[in-house]
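Architecture and fold: a report
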2 protein chains.
Amino acid sequence: MKERIAEIICVGTELLMGETVNTNATEIARELSRLGIPLYHSVVVGDNPARLKAALKSAYERAEIVLLTGGLGPTYDDLTMETVADFFGRKLVLHEESLAAIRQYFEKAGRMMAPSNEKQALLPEGGIVLPNPNGTAPGCILEDGERVAVVLPGPPREMRPMLRDQVAPYLGRGNGVIRSHELHFYGIGESELEYKLGDLMKNALNPTVAPYAKPGDVMLRVTASAGTAEEAERQMAPVMNKLRDKLKDYYYATDLPDLQTAVVRALHEKGLTAATAESCTGGLVAELLTEVPGASGVFGCGMVAYQNEIKEQLLGVPGELLKAYGAVSAETAARMAEAIREKSGADIGVGVTGNAGPAASEGKPVGLVYVAVSSSAYTHVSRLNIRRQDEDSRALIRRLAALKALNLILRAAQAAPPTEH
Amino acid sequence: MKERIAEIICVGTELLMGETVNTNATEIARELSRLGIPLYHSVVVGDNPARLKAALKSAYERAEIVLLTGGLGPTYDDLTMETVADFFGRKLVLHEESLAAIRQYFEKAGRMMAPSNEKQALLPEGGIVLPNPNGTAPGCILEDGERVAVVLPGPPREMRPMLRDQVAPYLGRGNGVIRSHELHFYGIGESELEYKLGDLMKNALNPTVAPYAKPGDVMLRVTASAGTAEEAERQMAPVMNKLRDKLKDYYYATDLPDLQTAVVRALHEKGLTAATAESCTGGLVAELLTEVPGASGVFGCGMVAYQNEIKEQLLGVPGELLKAYGAVSAETAARMAEAIREKSGADIGVGVTGNAGPAASEGKPVGLVYVAVSSSAYTHVSRLNIRRQDEDSRALIRRLAALKALNLILRAAQAAPPTEH
């Protein structure tokens, strides 16, 4: 089969005004990458039929599959479906099932349906209708010889499930089965990871290995395409084992969305609870833990002790200790972790104290953070020195310190020694 | 002067793999919108010279100003500067000042400079060099008759200040002066705002009024272009007054980045302090407040009481009250706000308790949240009922509840009555 190339067209004047970040383009690109479908161009045009038609023309000169999002709303300036239909010489016809679904959507939400919403049930003749359980506008797939157009709604919470549940299986069919796993690593940078893995990553073709890096967190996606799911899994297993082994000091989970989910999962599995005492992270560690549904079973108590008096009076860090070592010190961090563990009755306590900037304080430089963990087995303090200094550094310092705290909870829950990175 | 049209080309295979969200395109688009320069196309291509050249060709058929980002790194596949120079028939020459700046950048960071970084000082002959104080790759502006190319680095923390401090003044010159102000509103949706403002927004040409909405927060940017800054300010003043007056129940600040900054600012101005007791928001209110530099002067103490025992034992919510009304109740929220105010000695206390999902608990539906504020003047409880239920709803419920808490702190600090939206 000839390799088919994809192109993305996002439609929306709000994107060209800089009012909305184009996450749809990213999510569609990621899905195409997962499916192994090459993407060489991704474009944005406004809600303008002439320019959209020109974009479609250019796209089909370079690609066979064009995915469009946006411009499916009920108002007069939402013209994507009309324009695509016109481009392919198709008529728009009323799709009764979609109209019924739109009516039902409004009923369920207890809102009036405006007459203009009926327009969203007008779909190109001969198209494959993509029902939209999260909104009013259905999507549509049009096939025209070699050419395919996939029309998706603009709101990400409507687009994302339609892409994942309806479009990806459609595009993936005929290619056999594609399966992937995500391996997560904490405390290693992307370039260091690439250096350590070398050819294991670059030369991997099936399965492929692709890195996705965020500050403090690197994810490797391993993807195999094969005749059956079992075959794909068989191809991936040795590669995944090799990756986990080569990076065992950094590895923390497979197929979990993030570090906080791994922490909550590990605490649940071990029947343990954690508590937090935070200064410079200001509640971020607690906030990350409680992002995870089900966190209440393993996390009950957090304290934000942003001022010294609170550290002393409510948390119980001795005033002499604060005076002798300063609030930003290994001693204070350790005492915070121990104190919150005692006060809350949790199995594991963490303490975070540092200077997130913008100015040095107590003579402690911006970026210096102590993160402590206290469990029945040990109290340990890690020292971070985050030197990057620009307009985003406060947020970065807080984020890296919070991730360190999560990592220390995870290691303590696994009864593993803390790591020094 | 003929109106010049802009086009954006973002270069980077990582964008086409879906590894990175393209915030650069959004930020450049917003800046162009602010400058009043029309943008009709924004495209993404990979690190591929042939495709980049084709994209440049298409762009100059439709526009005069092309802004490029990405592909200025030190490695062999970073080819944007070479490709742009080649497109305009310019040679790359070593720019000594940039080389010195790159050397200095590495020295300051205490890191070794790789020989490949020297390549970043090779810039097109006759170009205007844009120094990069936040990284190694300088940017460049090339003028070629009517055509202008603006080449910017890819990392947002390098791109953003270069765009704002160097490129915007360059593009804005000759257009007179452009000034803008940002008015922030809490508790009103974008469509409701558009409805209330009607023609005041739609028909505004100079100054223009453009809305930017996030959940729980709408910003109106008022922009005037005039011969002098004073003249621009004179044009904006009556419009801004009208907007603030029409939406006075929702208005909270002008020219501040967000609600948390407005809260910290108001507390500082009034010499007041605040404390937080959070259940379902899990530390998010504290985290938002401490995002703001200088928060430590007005916020010292937060408690995350995620489990009932902690609410009872550490925060001091009476067990009978929890039993009688449940943890998710107006009574519990009020007691949490009062208790944290008493415990911490702060002037204003807030309490947040609710069900962020995913499952109903105590028979309380997902999305039901009580947010209480306690000051010397009053204790007030607001009830939120956030009905949207999809995969993002947990995060949304927590965010809207936290913003409500911030809004209640702000109203209390201003000695204004709480609002019911």
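Just above, that's the structure.
Residues numbered from 1 in each chain as written. Chains lettered and ligands numbered in written order. Predicted model: local features only at pLDDT ≥ 70, side-chain atom pairs only at ≥ 80, totals over all residues. Heavy atoms only, no water.

**Regarding the overall build of chain A**
For chain A, the helix and strand inventory stands at 15 helices and 17 strands. The dimensions of chain A, computed from C-alpha atoms along their principal axes, are 80 × 50 × 40 Å. Evaluated residue by residue, chain A yields a buried proportion of 56% over its 421 residues. Considering only residue pairs separated by 6 or more positions, chain A has 66% of its internal contacts joining residues 24 or more positions apart. Put simply, chain A shows about 17,300 Å² of open surface, and 51% of that area lies on carbon and sulfur atoms. On chain A, the mean spot of the 45 positive side-chain charges and the mean spot of the 52 negative ones are 3 Å from each other. (Helix = DSSP H or I, 4+ residues; strand = E, 2+ residues; numbered from the N terminus. Buried < 20%, exposed > 50% of the residue type's maximum accessible area, 1.4 Å probe, protein only. Contact = heavy atoms within 4.5 Å. Areas by Shrake-Rupley, 256 points an atom, 1.4 Å probe, with all protein chains shown as cover. Lys, Arg positive; Asp, Glu negative; His and termini not counted. Charge placed at Lys NZ, Arg CZ, Asp CG, Glu CD.)

**Details of empty space enclosed by the protein**
Gaps between atoms show up when a probe of the same size as a water molecule is rolled over them. Inspection of the entire model under this criterion finds four cavities of 30 Å³ or more. When its volume is computed, the largest cavity comes out at roughly 210 Å³. Lining the largest cavity are 22 residues; nearest its centre among them are A:N22, A:A25, A:V44, B:N22 and B:A25. Those elements giving two or more residues to the lining of the largest cavity turn out to be α1 (13-16), α2 (23-35) and β2 (39-45) of chain A together with α1 (13-16), α2 (23-35) and β2 (39-45) of chain B. Taken together, the residues that form the lining of the largest cavity break down as 14 nonpolar, eight polar and no charged. (1 Å grid on protein atoms, 1.4 Å probe; cavity = no way out; pocket = protein on both sides within 12 Å on 5 of 7 lines; lining within 4 Å. Points joined across faces, edges and corners; volume = space filled by probe spheres on them. Nonpolar A, V, L, I, M, F, W, Y, C, P; charged D, E, K, R; others polar.)

**What about the sheet that holds strand β3 (residues 65-69) of chain A?**
Paired through their backbone hydrogen bonds, the strands of a sheet run either parallel or antiparallel. The strand order β6(A)-β7(A)-β8(A)-β3(A)-β1(A)-β2(A)-β2(B)-β1(B)-β3(B)-β8(B)-β7(B)-β6(B) describes an open sheet built from twelve strands, whose pairing is mixed. On the outer flanks of this sheet lie β6 (128-130) of chain A together with β6 (128-130) of chain B, each paired with one strand and no other. Strand-to-strand twist across the sheet, computed as the mean angle between neighbouring axes with direction ignored, equals 15°. Where strand β1 (residues 6-11) of chain A lies against β3(A), five bridges are found, and the strand directions are parallel. In the sheet register, A:E7 faces β3(A), and the bridge partner there is A:V66. Sheet strands touched by helix α4 (residues 80-87) of chain B: β1 (6-11), β3 (65-69), β7 (139-144) and β8 (147-152) of chain B. Its angle to β8(B), the strand with the most contacts, is close to 170°. Seen against the sheet, helix α6 (residues 156-172) of chain B touches β3, β6, β7 and β8 of chain B and runs at an angle of roughly 160° to β8(B). (Pairing = 2+ DSSP bridges. Axes fitted to C-alpha atoms, helices over the stretch in contact; angles between N-to-C directions.)

**Focus: the pairing of strand β15 (residues 348-354) of chain A**
Residue and element names in this part refer to chain A. Within β15, seven of the seven residues are buried, which leaves the element mostly enclosed by the surrounding structure. Note: strand β13 (residues 274-278) against β15, five bridges, orientation parallel. Residue A277 lies in a different strand from β15, and its bridge partner there is G351. The pairing of β15 with strand β16 (residues 368-374) spans six bridges and is antiparallel. When the sheet's bridge partners are listed, T353 is paired in β16 with Y370.

**Some points on the sheet that holds strand β10 (residues 208-214) of chain A**
All names here are of chain A. Taken in spatial order, the four strands make up an open sheet running β10-β11-β9-β12, and their pairing is antiparallel. Either end of the sheet is taken by a strand with one partner, and the two such strands are β10 and β12 (251-254). The sheet shows a mean angle of 25° between the axes of neighbouring strands, direction not considered. Judged from the seven bridges that link them, β10 and strand β11 (residues 217-226) form a sheet pairing that is antiparallel. Across the sheet, the residue bridging to V209 is V222, located in β11.

**A look at unusual backbone geometry**
Residue and element names in this part refer to chain A. In this model, G357 is joined to P358 through a cis peptide bond whose omega is 10°. Mapped onto the fold, P358 is located in the loop between β15 and β16. A positive phi angle, near 60°, is found at D255, a position not held by glycine. Within the fold, D255 resides in the loop between β12 and α10 (259-270). Using a relative accessible area of 39% as the deciding quantity, one classes D255 as partly exposed.

**Considering the relation of the copies chain A and chain B**
Rotating chain A by 180° about the axis while translating it 0.1 Å along that axis superimposes it on chain B, leaving an RMSD of 0.2 Å. The symmetry that links the two subunits is that of a two-fold axis. Most of the interface of chain A is mirrored in chain B, where 98% of its interface residues again form contacts. (Least-squares fit on C-alpha atoms with pLDDT ≥ 70 in both.)

**What about the packing of aromatic side chains?**
Under the definition given, this model contains twelve aromatic pairs over all chains. Measuring from centroid to centroid gives 5.9 Å for B:Y60 and B:F87, while their planes differ by 20°, and the two rings are stacked. Within this pair, whereas B:Y60 is found in helix α3 (residues 49-62), its partner B:F87 is found in helix α4, the two being separated by 27 residues in sequence. Exposure remark for B:Y60: the relative accessible area of 12% places this residue in the buried category. What makes B:F87 partly exposed here is its relative accessible area of 21%. The lysine or arginine in question, A:R147, covers the ring of A:Y60, its NZ or CZ lying 5.3 Å from the ring centre. (Phe/Tyr/Trp six-rings, centres within 6.5 Å; stacked < 30°, edge-to-face > 60°. Lys NZ or Arg CZ within 6 Å of the ring centre and 35° of its normal.)

**Comments concerning helix α15 (residues 393-413) of chain A**
Given 3.6 residues to a turn, an α-helix orients residues that are three or four positions apart in the same direction. Look at α15(A): 30 Å from first C-alpha to last across 21 residues, which is about the 30 Å you get at 1.5 Å a residue. At the C-terminal side of α15(A), A:A415 shows a positive phi close to 55°. (Expected span 1.5 Å × (residues − 1).)

**Brief notes about the interface of chain A and chain B**
Facing 64 residues of chain A, the contacting portion of chain B comprises 64 residues. Carbon and sulfur atoms supply 54% of the area that chain A and chain B bury against each other, a total of about 5,300 Å² over both sides. Where chain A meets chain B, there are two salt bridges. B:R398 is the partner of A:E287 in a salt bridge, and the nearest nitrogen-oxygen pair spans 3.1 Å. At the boundary of chain A and chain B, one finds 26 residue pairs in polar contact (both at pLDDT 80 or more). Each residue belonging to the side of chain A that touches chain B can be placed in one class, and the counts come to 28 nonpolar, 20 polar and 16 charged. Direction of pairing for strand β14 (residues 299-305) of chain A relative to strand β14 (residues 299-305) of chain B: antiparallel, over a ladder of five bridges. If you follow A:V304 over to β14(B), its bridge partner there is B:G302. (Buried area = accessible area lost by both parts, 1.4 Å probe. Salt bridge = Lys/Arg side-chain N within 4 Å of Asp/Glu carboxyl O. Polar contact = N/O pair within 3.5 Å; in protein donor to acceptor, adjacent residues only side chain to side chain.)

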